[in-house]
Amino acid sequence: MAVRTFGILAGALAAVLTAALPAAAEDIRPGCYQRVYSDQHLWDHPAQVVKSVRLRVGDWMTEVAREATIEVVPANQGHVRGQPWVGARLQQFLICGTETGAPYCQVECDGGRMEVTKQDGQGMVFRTRYMVVGNTSECGGVMDMAEVRGAYTSYRLYRVADSDCYGM
């Protein structure tokens, strides 16, 4: 009985310790992801600055990083209300990888980043506290995707046909 109890306790302890270990970061899956927000959704979320978002995650550019492009159409609300580029297609090149132990896509020149918090066959969820979009002649971009800089904003994108990202 004592040996059996010890075996059960040892198994339970091993399960708890294994669960406490950090999971290995999963690579960001290539493909096309998209979300177009309804007028009702935007009405219900007045701080949201994005009307639509499209993300193309491409091929490996190094052994640890994939190239990606994000395209955002700003909504005329939140901190971007009234800006001249509202309604335009703002793109940004990203470098996506897991070398930091978590799946991130970064903008060059310290233009921020997004962290992929969930991905499956249906799509992905990412969050950002600061990530600019809209290529300019200088480093950075014209619009921060975070609703409030320094506070996380999450976006859920759905996996769509690769052809939906044609031209990105």
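Thresholds, definitions, all that
Residues numbered from 1 in each chain as written. Predicted model: local features only at pLDDT ≥ 70, side-chain atom pairs only at ≥ 80, totals over all residues. Heavy atoms only, no water. Helix = DSSP H or I, 4+ residues; strand = E, 2+ residues; numbered from the N terminus. Buried < 20%, exposed > 50% of the residue type's maximum accessible area, 1.4 Å probe, protein only. Phe/Tyr/Trp six-rings, centres within 6.5 Å; stacked < 30°, edge-to-face > 60°. Lys NZ or Arg CZ within 6 Å of the ring centre and 35° of its normal. Salt bridge = Lys/Arg side-chain N within 4 Å of Asp/Glu carboxyl O. Pairing = 2+ DSSP bridges. Contact = heavy atoms within 4.5 Å. 1 Å grid on protein atoms, 1.4 Å probe; cavity = no way out; pocket = protein on both sides within 12 Å on 5 of 7 lines; lining within 4 Å. Points joined across faces, edges and corners; volume = space filled by probe spheres on them. Nonpolar A, V, L, I, M, F, W, Y, C, P; charged D, E, K, R; others polar. pLDDT = per-residue confidence, 0-100.

Caption draft 1: Expanded view of the environment of glutamine 83. Along the chain, the position of glutamine 83 falls in the loop between strand E3 (65-74) and strand E4 (90-97). The class for glutamine 83 is partly exposed, based on a relative accessible area of 33%. Counting along the chain gives 59 residues from glutamine 83 to valine 142, while the straight-line C-alpha distance between them is 9.9 Å.

Caption draft 2: The packing of aromatic side chains, seen in detail. Enumeration according to the criterion identifies 1 aromatic pair in this entry. Directly above the ring of tyrosine 104 sits arginine 113, whose terminal nitrogen or CZ lies 3.8 Å from the centroid. It is arginine 127 that lies over the ring of tyrosine 152; its NZ or CZ is 3.7 Å from the centre.

Caption draft 3: Fine view of the pattern of salt bridges. Taken as a whole, this structure holds 7 salt bridges when the rule is applied. We note a salt bridge from aspartate 39 to lysine 51, for which the minimum N-O separation is 3.1 Å. Here lysine 51 lies in strand E2 (residues 50-60) and aspartate 39 lies in helix H2 (residues 39-44), a separation of 12 residues in the sequence. Since its relative accessible area comes to 26%, lysine 51 is described here as partly exposed. Its salt-bridge partner being lysine 118, residue aspartate 120 comes within 4.0 Å of it at the nearest N-O pair.

Caption draft 4: Summary view of the pairing of strand E6 (residues 112-120). Of the strand pairs in this sheet, strand E5 (residues 104-106) and E6 are connected by 3 bridges, and their pairing is antiparallel. Of the residues in E6, the one forming a bridge with cysteine 105 is methionine 114. Taken together, E5 and the strand that follows it, E6, pair antiparallel across an intervening segment of 5 residues, in which cysteine 109 is found at a positive phi of about 60°. Here E6 pairs with strand E7 (residues 123-133) via 7 bridges, running antiparallel. Residue pairing for E7: arginine 113 is matched across the bridge by tyrosine 130.

Caption draft 5: Inspection of the side chain of threonine 69 at higher detail. Along the polypeptide, threonine 69 turns up in strand E3. A residue is classified by how much of its surface remains accessible, and threonine 69, at 9% relative accessible area, is buried. Dropping the residues within four chain positions of it, threonine 69 is found in contact with Arg54, Leu55, Arg56, Gln91, Gln92 and Met168.

Caption draft 6: How the structure looks around empty space enclosed by the protein. Tallying each qualifying case throughout the model produces 1 cavity of 30 Å³ or more. If you go around the largest cavity, the residues you meet are Asp27, Ile28, Trp60, Val64, Arg66, Cys96, Gly97 and Thr98. When the residues that make up the lining of the largest cavity are grouped by side-chain class, the tally is 4 nonpolar, 2 polar and 2 charged.

Caption draft 7: Representation of the confidence of the model for the chain within the structure. Averaged over all residues, the pLDDT of the chain equals 86, while 85% of them reach at least 70. For the stretch residues 2-24, pLDDT sits under 50, and the model shows 0 contacts to residues farther than four places along the chain or on other chains.

Caption draft 8: Representation of unusual backbone geometry. Despite not being glycine, cysteine 109 shows a phi value in the positive range, around 60°. Position of cysteine 109 relative to the elements: it lies in the loop between E5 and E6. Relative accessible area serves as the criterion here: at 49%, cysteine 109 is assigned to the partly exposed category. Phi at aspartate 110 takes a positive value of approximately 55°, unusual for a residue other than glycine. Structurally, aspartate 110 is set in the loop between E5 and E6.

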